[in-house]
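Chain by chain, the residues run as shown.
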Amino acid sequence: VQLQASGGGLVQAGGSLRLSCAASGSIFSTNDMGWYRQAPGKQREWVAHITHGGTLSYADSVKGRFTISRDNAKNTVYLQMDSLEPEDTAVYYCSARPIGNQVPRYWGQGTLVTVSS
């Protein structure tokens, strides 16, 4: 397994969760990392992105509530999710795309986040 996501679960609205994605060293050192999510009945959507150099970007729907970060020593990318809303309920996927590319090449297996109202 090249990308292993974890940290999903059930949380009440307003609560927090932190997702983790461990990557193989060869992937982490040559790729920008990101998170996507797919809610029931909806298409997968981009959530956040962090380049190899540390530049961050977020979807408008999560800006100000979610924080993406990476630990290069641990080959791990995180998604800290605060002020969660029921609309954040989805399967969250970590991704890796080669530096300079626009399309992810690698995907994690997904971790389910359920936010109850």
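Above: the structure in question.
Quick caveat: nothing in here was measured; it's all calculated off a predicted structure. (Residues numbered from 1 in each chain as written. Predicted model: local features only at pLDDT ≥ 70, side-chain atom pairs only at ≥ 80, totals over all residues. Heavy atoms only, no water.)

Enquirer: Teacher, can you tell me more about the pattern of salt bridges here?
Expert: Pairing between side chains of opposite charge can happen when their charged atoms approach one another. What the rule picks out here adds up to five salt bridges. The partner of Asp-88 in a salt bridge is Arg-37, and the shortest N-O contact between them spans 2.9 Å. With Asp-88 in the loop between β8 (76-81) and β9 (90-98) and Arg-37 in strand β4 (residues 31-38), this residue pair connects regions lying 51 residues apart in the sequence. Taking the relative accessible area as the measure of exposure, Asp-88 reaches 1% and is therefore buried. Two residues, Arg-65 and Glu-85, come together in a salt bridge whose shortest N-O distance is 3.9 Å. Highlighted residues: Arg-65 in the loop between β6 (56-58) and β7 (66-71) and Glu-85 in the loop between β8 and β9, separated in sequence by 20 residues. The exposure class assigned to Arg-65 is buried, which follows from its relative accessible area of 11%. Several salt bridges converge on common partners, so that one network encompasses Arg-37, Glu-45, Arg-65, Glu-85 and Asp-88. (Salt bridge = Lys/Arg side-chain N within 4 Å of Asp/Glu carboxyl O. Helix = DSSP H or I, 4+ residues; strand = E, 2+ residues; numbered from the N terminus. Buried < 20%, exposed > 50% of the residue type's maximum accessible area, 1.4 Å probe, protein only.)

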